[in-house]
Amino acid sequence: MAEFAERMRKLVPGVATVLVGASLFAVTQNAVAVPGGDEIAAQYKFRELPIALPAGYEDRRMNDVREVNPAYFRIRSWVSSVGAGIAINDLTGHGRANSMCIVDTRTDEVVVTHTPTAPEADRFTPFLLDPAPLPMGRAMAPTGCTPGDFNMDGRTDLLVTYWGRTPILYLAEAGAETVELNSYTPQELVPQVTVDGKYHGPKWHTNAVTVADLAGNGRPDIIIGNYFPDSDVLDPLGQNNVTMNDSLSSALNGGGSHVLRWHSATAGDRPTADYVLEADAIPYLAANGWTLGLSSADMTGDALPEVYIANDFGHDFMLHNTSTKDRIKFAVVEGERTATTPKSFIVGNDSFKGMGVDFADVDRNGSFDMAVSNITTAWGLEESHFLWVNDAESPERMQAEMSRGVAKFTQRAQNLGTAWSGWGWDIKMADFTNSGNLDVVQATGFVKGDIDRWPWLQELAMSNDMLVANPAMWPNMQPGDDISGHEPLAFFARGRHHDQFVNVSERLGLAVEHPTRGVATGDTTRTGALDLAVARQWGPPAFYANESPDRGGHLTLHLYRPVDGRRTGLSGPGTPVYGATVEVTTPDGRKQVSQLDGGGGHSGKRSFDVHFGFGDYTGPVSVELRWHDLDGRAHEQTTRLEQGDRTLVLTSTAQEVSAK
C-alpha cells in the first residue's frame, strides 16, 4: 500500500501538467473554436471610420516609449505601458454624445474631436488641450480624460489626469459658442500655490477615475486611483526616490486612492469648481494599492454607490458606502468562502492583477454584477478574469449583508465563458444589438515588440517578495521586448439565444494585434445603436460605428437636472443626474438595471446615456428611477415609457421633456 501511494504521489505532477496544458489549449482556442461563434457573430457588424485629428497632427513625431527615472531605464517599456485613454460624450450641448476626448501616448497630448458619425451641426475643428497658464513639466504625461459637469452649469467639462502631477479640470465657459480650446478654463483639481511658475504639488500617477454622487447630495464627487507612489517616475534627471511594488500578490505601497468631495462651484466666463480631499474616506489598508481600475454602482438601493477598486499586484477592494451628505465614508466588505471556493475567487481576497472594472446587470435580474480584468495570457500567466454575479435576492438583502461586512457575489467567469482573453485592461459591458443580453468588450495586450520576454517575467513571478520592490531586480523590459504585445481586443458576445459568451472579435474585424487600453461606448446618433471607440497604447485610436443588422427594441434615457439661467452656447438640456439608477421591467417580468455612469473603469469612459435592449419586444416598459436631489433627499418614481430615445428631467419628480 505504501509503494502504491508513493507511485500515485509521483504521478500527480504529471497529471496536473496534462490538465493545465489541456486547459491552456482550450483557452488559446477560445476565440476561434467555440461552437455557435459564427451564428452569434452574424448578429453584429462594426465599420471602422476615420477619426478627425488636428491639422498636421499625424506629421508630428510619434513616440513609442517614454523617458523615465534612471532607476527605471532598464524597464522603461514596462513603465511606458499605460496612458492611452478615450471618452465619448456630448460637448456641444446638442444632446447627442458624439464628441470625443482622446489621450494619445504617441505625442502625450489630449485630443478633443467629434465622432465620425456626428452631423455637420455637431462638428468642430479638432484641437489639443493646453493647460496653460497652469504649470507643467517634462516629467508629466496625461493618462486619462473624463467628461463631466463638474460645476453643474449644464455644460460638459473635461477632467484630465496625469502621471507626475495632480489632475486638471477644463471648465466650459458660459460665453463659449463653439467647442474649441479657448472655450475652457483650466483649473487645478487639487489647489496648488506657485510663486515661480513651476509645479510644486503632489506627484500623483493616476490611472483610474470614478465620478459619482458619493455623498448622496446630487453633486459629482471624484475618486482618483494612483499607481506609483509620489515620486519622480518620468523624470530622467529625477532623484532615486522610485520603487516598485513590495509584493506580487499583496502590495500596499502604491499611490492608492484619493476621495475628493464636491464643495462649491460657479458658472460664467471664469467658472470654478472646488473640491475637498476626504483623507479618511477609505480605510487605510484599502487606500494604498497599485490602482488601475475604479467603478461604482448602487448595490443596496439607497442611492449611494458602492465602489470597486481594482489593484495590480494585490487584493482588489469592495467598498460599502456609508456616507452622509456632509461626509464621504466607506467600509470594506468581503465575500464569504466555502469549501469549494478558490481563495482568489473571494471578493476582496484575490491575489490577481486587477486592471479594469465595470458594473452592469449580466444575468438580467435587476441587480448589478461586476466584470474585472486580470492577466490571462495562455502559456504566460494564467489567472482568470472575474465576472462577479450578485447573489443577493434584493438590494435590501445586499444592504443587510454589507452592513455586517459581507459582499454576496459568486465568481462565474469560467461558467459564462469570459475567464480568458489575454492581458486585460479596460472592460465595458453593453448591449450592441439590443438583444437584452449584454456584450463584454475588453482591452488587452501589454508591451509590443519582437522578442518574447515571458520567460523573464515568469522568473520574476517566482522571486521572493523582499526583492521585487527594487527596480534593479526586475528583468530588462526595453524597446524590442514583447510581453503579450500582439493580443487583440476581446469582444465577448452572447447573441439572443445563447447562455455562454463567445469571443468573436476576429469574426467582427476588431482583432487588431496591438495593445489596447481604453474602451468607450455611446449612442452617438441617437438611433439606439451603441458605437465603440478604443484607445491603443503607442498606436492610433479607433472608432467603430455600430451597423449591426436587425437590432431589437431599445430604451435610451437622457437624465438631467435643471440648471439656473438661460440655455446658451455649449449648455445642454441640464446637468447629468449623477447617481441615478434605472430599473426597467417588461410585461413578462424580466428586469434589467443600469445607471448614469459618471465615469469609471480604467482609461475609457462611456457616455451618460442609460441604455437598455429588449430583443423582439417593442412595446412599453415599466421604469423605476432612484436618485438624490440637491438637498440630499432620496426619490423613487415608477413610470411607464414607450421604447425609443427619451429625455427626462429629475427634480422631486421625473418629467419627460422634448429632446430639443
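Residues numbered from 1 in each chain as written. Predicted model: local features only at pLDDT ≥ 70, side-chain atom pairs only at ≥ 80, totals over all residues. Heavy atoms only, no water.

## A short note on the packing of aromatic side chains
The description of an aromatic ring pair rests on the distance of the ring centres and on the angle between the ring planes. Using the following cut-off: Working definition: rings of Phe, Tyr and Trp (its six-membered ring) pair if their centres are within 6.5 Å, and the pair is stacked with planes under 30 degrees apart, edge-to-face with planes over 60 apart, and tilted otherwise. Over a ring means this: the NZ of a Lys or the CZ of an Arg is within 6 Å of the ring centre and within 35 degrees of the ring normal.
According to the stated counting rule, one finds 25 aromatic pairs in the structure shown. An aromatic cluster is defined as three or more aromatic residues linked by ring pairs; in this entry it consists of Tyr72, Trp78, Trp163, Tyr227, Phe228, Trp290, Phe313, Trp423, Trp425, Phe446, Trp454 and Trp474. Positioned above the aromatic ring of Phe73 is the side chain of Arg76, whose terminal nitrogen or guanidinium carbon lies 4.0 Å from the ring centre. Over the ring of Trp456 we find Arg453, and its NZ or CZ is 3.7 Å from the ring centre.

## Description of the pairing of strand 38 (residues 634–641)
Applied cut-off: Strands pair, by our definition, only if DSSP identifies at least two bridges between them. Each helix is a run of H or I in the DSSP string that is no shorter than four residues. Each strand is a run of E no shorter than two, and both are numbered from the N terminus.
As paired elements, strand 37 (residues 621–628) and strand 38 share eight bridges and run antiparallel to each other. When the bridges of strand 38 are listed, Val623 appears paired with Thr639. Between strand 37 and strand 38, which pair antiparallel and follow one another directly, the connecting turn spans five residues, one of which, Gly632, has a positive phi of 85°.

## A closer look at helix 6 (residues 454–461)
Stated formally: Exposed residues in this analysis have more than 50% of their type's maximum accessible area, buried residues have under 20%, and partly exposed residues fall in between, with area computed by a 1.4 Å probe over protein chains only. By construction, the arc corresponds to the directions joining the helix axis to the C-beta atoms. For this analysis, residues touch if any pair of their heavy atoms sits within 4.5 Å.
Along helix 6, the residues classified as buried are Trp454, Leu457 and Leu460. Axial view of helix 6: buried residues confined to an arc of 115°, hence all on one face. Where helix 6 is buried, its residues touch helix 3 (76–79), strand 24 (451–452), helix 7 (465–468) and strand 25 (481–482).

## Digging into the sheet that holds strand 15 (residues 306–312)
Threshold: Helix axes are fitted only over the stretch in contact, all axes being lines through C-alpha atoms; the angle between N-to-C directions runs from 0 to 180 degrees.
Taken in spatial order, the four strands of this open sheet run 14-15-16-17, and their pairing is antiparallel. Lying at the two open borders of the sheet, with one neighbouring strand each, are strand 14 (290–297) and strand 17 (330–333). Taking the axes of each pair of neighbouring strands and ignoring which way they run, one obtains an average angle of 30° across the sheet. One ladder, built from three bridges, connects strand 15 with strand 16 (residues 317–321); its direction is antiparallel. Across the sheet, residue Val307 finds its bridge partner in strand 16, namely Leu319. Packed on one face of the sheet, helix 4 (residues 395–403) meets strand 15, strand 16 and strand 17 and runs near 110° to strand 16.

## Topic: unusual backbone geometry
Look at the link from Ala132 to Pro133: it is a cis peptide, with omega at 15°. Within the secondary structure, Pro133 sits in the loop between strand 5 (127–128) and strand 6 (141–148). Here the phi dihedral of Asn434 falls at roughly 55°; this positive angle occurs in a residue that is not glycine. Tracing the backbone through its elements, the reader meets Asn434 in the loop between strand 22 (424–430) and strand 23 (439–444).

## Overview of the side chain of Ser603
Selection rule: Any pair of nitrogen or oxygen atoms within 3.5 Å is treated as a polar contact; in protein, a donor-acceptor pairing is required on top of that, and neighbouring residues in sequence qualify only through side-chain atoms on both sides.
Take Ser603: it is sitting in the loop between strand 34 (591–595) and strand 35 (604–605). Here the side chain of Ser603 touches Gly518 through a polar contact of 3.4 Å, landing on its backbone nitrogen. Sequence-distant contacts of Ser603, defined by excluding residues within four places in its chain, comprise Ala84, Gly85, Ile86, Thr143, Asp426, Arg517 and Gly518.

## Considering the domain arrangement of the protein
Rules: The domain boundaries here were taken from an automatic or database domain assignment. Buried area: the accessible area, evaluated with a 1.4 Å probe, that two parts lose upon being put together, summed over both parts. Whenever a carboxyl oxygen of Asp or Glu lies within 4 Å of a side-chain nitrogen of Lys or Arg, that contact is scored as a salt bridge.
You can read the domains of the protein as domain 1 (54–546) and domain 2 (553–657). Relative to domain 2, the C-alpha centre of domain 1 lies at a distance of 23 Å. Counting residues at the interface gives 84 residues for domain 1 and 53 residues for domain 2. For the domain 1 and domain 2 pair, buried surface summed over both sides reaches about 5000 Å², with 47% attributable to carbon and sulfur atoms. The three residues of domain 1 that bury the most area against domain 2 are Arg364, Asn434 and Arg526, which together make up 12% of that side's buried surface. Taken together, domain 1 and domain 2 are joined by two salt bridges. One salt bridge in this structure joins Arg526 and Asp645, with 2.3 Å as the shortest N-O distance. Counting the contacts that link domain 1 with domain 2 gives 35 residue pairs in polar contact (both at pLDDT 80 or more). Of all the secondary-structure elements, those providing two or more residues to the side of domain 1 that touches domain 2 are strand 2 (85–89), strand 6, strand 10 (206–212), strand 14, strand 18 (356–360), strand 22 and strand 28 (516–522).

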